[in-house]
Amino acid sequence: MSTRPARTEEDVLDAIERRRRRPVRKLLDERITLSHGAGGKASHTLVEALFLAELRNPLLEPLGDSAVFEAGAGGPRLAFSTDSYVVHPLFFPGGDIGELAVNGTVNDIAMSGARPLHLSAGFIIEEGFPIADLQRVVASMGAAAREAGVAIVTGDTKVVERGKADGLYINTAGVGIIEHDLDLSPKTVCPGDRVIVSGTIGDHGTAVMIARGNLELEVDLESDSAPLAGLVGDLLAAAGDGVRCLRDPTRGGLATVLAELALETELSIVIDEPALPVLPAVHGSCEILGLYPLYIANEGKLAAIVAPEAADAALAALRSHPLGQDAAIVAEVREEPPGLVLLETAIGGSRVVDMLAGDPLPRIC
Amino acid sequence: MSMRFVDEYRAGDVAKRLAAEIAEMAEPGRHYKIMEVCGGHTHSIYQHGVEDLLPPEIELVHGPGCPVCVIPMGRQDDAIAIAERPEVIFTTFGDMMRIPASNGSLLDAKSRGADVRMVYSPLDALKIARENPDRHVVFFAIGFETTTPSTAVTLLRARAEGIRNFSLFANHVTIIPAIRAILDSPDLRLDGFIGPGHVATVIGTRPFRFIARDWQRPVVVSGFEPLDVLQGVHMVLSQLREGRSEVENQYSRVVRDGGNPAAMKAIGETMELRTTFEWRGLGFISQSALKLRPEFADWDAEVLFEVPGVRVADPKACQCGEVLKGVIKPWECKVFGTACTPEHPIGTCMVSSEGACAAYYNYGRHAGRRRREEEPAPA
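Note that the coordinates shown come from a computational prediction; the quantities given were computed from them, not determined experimentally. (Residues numbered from 1 in each chain as written. Chains lettered and ligands numbered in written order. Predicted model: local features only at pLDDT ≥ 70, side-chain atom pairs only at ≥ 80, totals over all residues.)

**Student:** What is the right way to read the interface of chain B and chain A from this model?
**Tutor:** The accessible area lost on association of the parts is a frequent measure of interface size. Taken residue by residue, the interface counts 37 residues in chain B and 35 residues in chain A. Contributions of two or more residues to the side of chain B that touches chain A are made by helix 1 (12–25), helix 2 (39–47), helix 4 (106–111), helix 14 (356–363) and helix 15 (366–374) of chain B. Across the side of chain B that touches chain A, the residue classes tally to 15 nonpolar, 11 polar and 11 charged. (Contact = placed C-beta atoms within 7 Å. Helix = DSSP H or I, 4+ residues; strand = E, 2+ residues; numbered from the N terminus. Nonpolar A, V, L, I, M, F, W, Y, C, P; charged D, E, K, R; others polar.)

What follows is the structure, given as structure tokens:
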């Protein structure tokens, strides 16, 4: 018989919470699986245990949506970001890979409070890909760039043999300029702050999933792909230094960005489930597929952490912009329990919201 | 399709009223153990924090009805052996991809080059077979009576259309023998059951009568929304208080007492009982699973492909069996949260979204422990 004292439920819960707060970032896998690209726990482990370990520097270390640095001593602050797009299918209701490739990078830059200026575009094209489709994608990139007020100023093209790429992959990178003195950083987040989301969540991921056509669900739903720099500008003008930080809830959804923020700030974020704006079509599709809108990618939404006294002004500014009409206060920052996201459910229960271990929807952006 | 139906089953005020009535019915000092048989219930209970609304007298015990959890490691090894054949496109539900087998999961096999694809229905797999006539498409058929009809219908369609490059690796199990095994097990005393609503849409409520008749335990077949579960608990408690043991149907908006005869007919046409089948953790249970009838041998992956077919013991530390029987809570397993986590699972219960361990780990029990901290246990 073992004489080791039995663990109590409290011991076990404490151990899990410690682990959640300080995840083990050790890469145990021998090969890359789709989980490593899902934006959840496996992605974080890969980034921290391999990429950050090999490439570590002070600008990379915060692992934000973009790196922010001064252009020469005393020069303007710039934001620099990159993203690759492998969405399948290439064309889906409400957008296509080209529009996504522009908006995604524009939004990464906008989350640091910068005005996006210039983008690069790299194309990896599979032999046999129809020129007409490429034309459509690039035209849509042009239109998206004009709408976002950026120019695609440099690029690259590579073609690989048939079967070596699934039609078309695009990489974009971009720079933006920060024209204010605000410090948008998780370091400024305090207990009592509110979390505002700029509109309905889960639209993009659900729309792409349904567009794949293997579900035979007939749902009228479009991706929310949109450039957010204008919305960010209005928000900062209205709420100023009441805005603590901004996040772009793409892959992994709102749940993942809030889980990252809770870990980084060592504070708790408590979500009010009934306050979450979710389109009925997204809600219903997710119920059928066993998914949860909190984890589904958005491509035209932001999450803003704002000081309580600035919350009303921030909400009003977002709601008066066409891209923020459904904005809502969905969560509050608290001191306890540190590093965790909790969700208060509609029926009055409560549970933890953690990052996902697996991949609910591969290749959504 | 209506997309709004779910919200009315999640209303906070109704939940609070039901919870208050449940608290009133529970005899102080008595400990009620109610098993929710189905993994779908377990998931809903954790996802919505249902336990936060229940009085301390009531314990929900998680049952064996998690289809992914009960597949033994040997069958998972067989599945991977089939998936690694070069001519095969292996199709499966998403949860099965991450189940650990002797040499990694299907997801690992995929990263080594096996053509493994996630589908949402066996009909999707049949579609892949039509589109890839030069490949052989195998569907990893798992599940209780809930999913068996769609497998049966797919099989009938494959035969009707003469699709020969398609087969099933059949692992369908039946819920009644598992419930019997739990009732026979000496280490668990249960007061009542929340019956599996989805299984009952197919088999009806009658097959559960033996529980009420022979074991004098109430059974309430229930739906999967949090209010359904609360009402199920409410109805079990009413029976206990009134000294009744009956099979009641909380989920009558979906479940008919006679089940779905057309679905049962499709199952009967295509499948027959296996003499015995191994369940993860529960061991071999006689007449607890289905295989394809001999006339469907051309679509039976077990006939078409040589598989190792060996019984592989679960990792020693894994206590999925006891979790599936409800004998221990997830947190009581020796490796729970230490060697076994959702990122690096040892057992199936930590992988499936319907597994009790995954639900417990991912959703936590924060409000519950807060409540316990605020209200010190009575002396």
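**Student:** Quick question: what am I supposed to make of the domain arrangement of chain B here?
**Tutor:** Residue and element names in this part refer to chain B. Partitioning chain B into structural domains gives domain 1 (7–22 + 31–66 + 187–249) and domain 2 (73–175 + 259–304). Taken over C-alpha atoms, the centre of domain 1 sits 31 Å from the centre of domain 2. Of the residues lining the interface, 11 residues belong to domain 1; the matching set on domain 2 comes to 10 residues. Considering every element that reaches the side of domain 1 that touches domain 2, the biggest residue donor is helix 8 (residues 197–203), with 6 residues. (Domains from an automatic or database assignment.)

**Student:** What's the story with the pairing of strand 10 (residues 268–272) of chain A in this structure? I'm lost.
**Tutor:** Residues and elements named next belong to chain A. Counting buried positions over the 5 residues of strand 10 gives 4, a clear majority of the element. The sheet contact formed by strand 10 and strand 12 (residues 328–334) spans 4 bridges and is antiparallel. Of the residues in strand 12, the one forming a bridge with Val-270 is Glu-332. Where strand 10 lies against strand 13 (residues 341–344), 4 bridges are found, and the strand directions are parallel. Its bridge partner lying in strand 13, Asp-272 is registered against Glu-344. (Buried ≥ 20, exposed ≤ 12 C-beta atoms within 10 Å, placed from the backbone. Pairing = 2+ DSSP bridges.)

**Student:** Hey, could you run me through the sheet that holds strand 2 (residues 58–65) of chain B in this one?
**Tutor:** What holds strands together in a sheet is hydrogen bonding between their backbones, with the strands either parallel or antiparallel. Residue and element names in this part refer to chain B. With parallel pairing, the 5 strands of this open sheet are ordered in space as 2-1-7-8-9. Of all strands in the sheet, those with a lone pairing partner are strand 2 and strand 9 (247–249), marking the two edges. Ignoring strand direction, the axes of neighbouring strands in this sheet form an average angle of 25°. Bridge analysis of strand 8 (residues 219–222) against strand 9 gives 3 bridges, and the strand direction is parallel. Within the sheet, the bridge partner assigned to Val-220 lies in strand 9 and is Glu-248. Packed on one face of the sheet, helix 7 (residues 175–184) meets strand 1 (32–38), strand 2 and strand 7 (192–196) and runs near 130° to strand 2. (Axes fitted to C-alpha atoms, helices over the stretch in contact; angles between N-to-C directions.)

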